[in-house]
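# What the coordinates show
One-letter residues, chain by chain:
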Amino acid sequence: MSDNYLLEKHNFKMQKKYGQNFLTDVRIPARIADGCTDFDVTDGKRADSLILEVGPGAGILTKELAKRFTKVLAVEIDEELIPVLADSLAGYDNITVINQDVMKVELAPLLAEHRNIDGKKLPVSVCANLPYYITTPVLMKLLEEYGEFSFITVMVQKEVARRLCAKPATDDYGAITAAIGLYGKATKLFDVSAGNFNPKPKVDSSVVKISLYEPAKYTPEQIEKTSKVIKAAFSMRRKTLVNTLVGLCAPGYDTKEKLSDLATEMFGKPTVRGEELSTEQFVALAQRLF
Ligand code: SAM
């Protein structure tokens, strides 16, 4: 049954407030799901993993994930989609759908419950065509709240994808780029044009895969301190790093003079801007400040 037929059968109306732009061509979700796997799945083999999907919609990506991974756990906010998904996913026994707002879900207990199979703990990853209105909050929640994802593969607006994968000192580099570097490395997989969605959004999209460091590169304490510095550094983009950091009142670095000396010592000039620093440099700076 086509997803369109199912949406009509259940008299489903797309909700703009939930960022509902559904994929229409099955080849795209198949490519996204392929991008998550490190091996050829054409022989029917499934990767031994639990995949958390945020926003399954009518289930077009969910099915492709279920063909390639041991288990799929899909979290959908819109209760009107639950009967649609029950129909659409009826032939699959390795998918669980829960009707919740991903921003309100406590990930640790939920994933602990679903990643245990026969006493074995499955590796866990994320794959999603994210609703555009909450891309950054969802990504930050996933990264900050759960330290055990192997990868997070997401479709996002093309310009957001550019930001996620940007290099320091480029226009696209921002707080989210530096923050992601605390947890892993983001790579763009491919672009998807707006014509592949219903309704058609105004902008094109890209699929980005964040491979999380295993083992973690930074301690929770380093991440906490550095996140504070990154937030401050990008709070006023046009200001120099020194001007954005005075407000932090780090012990021993509470004046512009002291901060200017530190910036010169660490980065060669007092006028350095936050967008010029790599994640590693932010970590080193946070270590000195706190
Ligand atoms: N995965 C489907 C696809 O690719 O066709 C739908 C993707 S659509 C861009 C985003 C989906 O996320 C919608 O199904 C929407 O209802 C759901 N969604 C929006 N906000 C959500 C939230 N806070 N928690 C869980 N799901 C959410």
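Structural data are supplied above this passage.
Quick look at the structure, then. Throughout, a residue's number is its position along its own chain's written sequence, starting from 1. The predicted origin of the model limits local features to residues at a pLDDT of at least 70 and limits the giving and counting of side-chain atom pairs to 80 or more, whereas totals for whole chains, interfaces and linings rest on all residues. The side-chain figures draw on all heavy atoms in the structure; neither hydrogens nor water molecules are used.

## Quick notes on the site of the ligand
Every one of the 23 residues lining the ligand counts as a neighbour, but L23, E76, D101, N129 and Y133 are closest to it. The term polar contact refers here to a pair of N or O atoms within 3.5 Å; inside protein, the definition further demands a hydrogen-donor-capable atom paired with an acceptor-capable atom, and it admits residues adjacent in sequence only when both atoms are side-chain atoms. Within the side chain of Q20, a nitrogen or oxygen atom sits 2.9 Å from an oxygen atom of the ligand. Between an oxygen atom of the ligand and a main-chain N or O atom of L23, the distance comes to 2.8 Å. Values of accessible area rely on a 1.4 Å probe in the Shrake-Rupley scheme; residue burial ignores everything except the protein chains shown. Protein chains bury 99% of the 600 Å² of accessible surface belonging to the ligand in isolation. Runs of E in the DSSP output that reach at least two residues are strands. Runs of H or I that reach at least four are helices, and both are numbered from the N terminus. Of all elements in the fold, only β1 (22-23) and β3 (69-76) reach the threshold of two or more residues within the shell around the ligand. Think of it as three bins: nonpolar holds Ala, Val, Leu, Ile, Met, Phe, Trp, Tyr, Cys and Pro, charged holds Asp, Glu, Lys and Arg, and polar takes everything else, Gly as well. Each residue belonging to the shell around the ligand can be placed in one class, and the counts come to 13 nonpolar, seven polar and three charged. Any residue with a non-hydrogen atom lying within 4 Å of a molecule or strand is treated as near it.

## Some words on the pairing of strand β2 (residues 47-54)
Per-residue accessibility, obtained with a 1.4 Å probe over protein chains only, is compared with the maximum for each type, and a residue is labelled buried under 20%, exposed over 50%, and partly exposed between these values. With seven of eight residues buried, β2 is to be regarded as a mostly interior element. By the convention used here, strands pair only if DSSP detects at least 2 bridges between them. In terms of strand pairing, β2 meets β3 through six bridges, oriented parallel. Bridging from a neighbouring strand, L50 pairs with K71 of β3. Of the crossover connections in this fold, the one passing from β2 over helix α3 (residues 60-68) to the parallel β3 is right-handed. We call a crossover right-handed when, viewed with both strands directed away from the observer, the connection leading from the first strand over the helix to the second proceeds clockwise.

Everything listed is a geometric property; what it means functionally is a separate question.
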